[in-house]
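These are the residues of each chain, in order.
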Amino acid sequence: MSWLRFNNGLFTASDFDIRRYGGSGNDELGYKRSENTGLNIVDPRSFGRGRSAFYEGNEGNDTIIGYASDDVLVGVNADETNAGNGEYDRLNGGGGYDTFVLGDVYEAYYLGNGYATIEDFQQGIDMLAGHGSSSDYTFDTSQNVIGGANNDTILAYRGDTIAVFEDTVVNLNVDDFYFL
């Protein structure tokens, strides 16, 4: 799992082969799906399959798209207090062992208004990094919040929605998380 292989779960951006950061507005970072996306892209041919990438969207409503590598996706500016409040980020890890970061040692992200939309979580392969412990989290698979007609999985931290797994029912368990 990509998160666990870096310094026993803690890492700095310098631990990654590729590092990309968004600005203060609505950003699109990552792998370019087509020539017309306008993404601030990483051309996957420039670093090859299997290398690790770190993406941080910072403020605003960001779209982050990983590639077939072990990616870490952070939609927020993790240095801010109340990180993610008012943001609606879209995270897609692509292939590989990806880590979707929803909190750190200080706080859970997306508290208040906003949440991360996770497009492609692969249970048993990808990980969620979160603040606190498993008792802080609940999930609901009975609603369709976004996307198509399928139900979504809603992840809440102490009752506050922080992530929605779009058009998929994921039966989350403690093995899917790395708690900070």
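Residues numbered from 1 in each chain as written. Predicted model: local features only at pLDDT ≥ 70, side-chain atom pairs only at ≥ 80, totals over all residues. Heavy atoms only, no water.

Undergrad: Help me understand the nonpolar core, please; the structure alone is not making it clear to me.
TA: Nonpolar side chains tend to gather and get buried jointly when the protein is soluble and globular. Counting 32 residues, the largest nonpolar core has L102, L128 and L155 as its most contacted members. Elements with a minimum of two residues in this core: β4 (53-56), β6 (71-74), β8 (99-101), β9 (114-118), β10 (127-130), β12 (152-157) and β13 (160-165). Residues contacting L155, with those up to four places away along its chain left out, are L102, L128, Y137, T138, F139, D160, T161, I162, A163, F165, L172 and F177. (Core = buried A, V, L, I, M, F, W, Y, C linked by side-chain atoms within 4.5 Å. Buried < 20%, exposed > 50% of the residue type's maximum accessible area, 1.4 Å probe, protein only. Helix = DSSP H or I, 4+ residues; strand = E, 2+ residues; numbered from the N terminus. Contact = heavy atoms within 4.5 Å.)

Undergrad: For this particular structure, what's the right way to read the pairing of β12?
TA: Along any regular strand the residues' side chains alternate between the sheet's two faces. Of all six residues in β12, six are buried; the element is thus mostly enclosed. In β12, alternate side chains face the same way, and those of D152, I154 and A156 on one face and T153, L155 and Y157 on the other are all buried. Here strand β11 (residues 137-143) pairs with β12 via five bridges, running antiparallel. Bridging across to β12, T138 finds its partner in A156. In this structure, β12 lies alongside β13, joined through five bridges in antiparallel fashion. Pairing of A156 across the sheet is with T161, part of β13. Connecting β12 to the antiparallel partner β13 that follows it, the hairpin turn spans two residues, and R158 within it adopts a positive phi of roughly 50 degrees. (Pairing = 2+ DSSP bridges.)

Undergrad: What should I look at first to understand the pattern of salt bridges in this one?
TA: It is possible for side chains of opposite charge to pair when their charged atoms get near one another. For the structure shown, the criterion picks out three salt bridges. With its nearest N and O atoms 2.8 Å apart, the salt bridge here joins E119 to R90. Of the two residues, E119 is situated in the loop between β9 and β10 and R90 in strand β7 (residues 87-92); the sequence distance between them amounts to 29 residues. Note that D136 and R158 form a salt bridge whose closest N and O atoms lie 3.1 Å from each other. Of this pair, D136 sits in the loop between β10 and β11 while R158 sits in the loop between β12 and β13; the two residues are 22 residues apart in sequence, bridging distant segments of the chain. Judged by its relative accessible area of 12%, D136 falls in the buried class. (Salt bridge = Lys/Arg side-chain N within 4 Å of Asp/Glu carboxyl O.)

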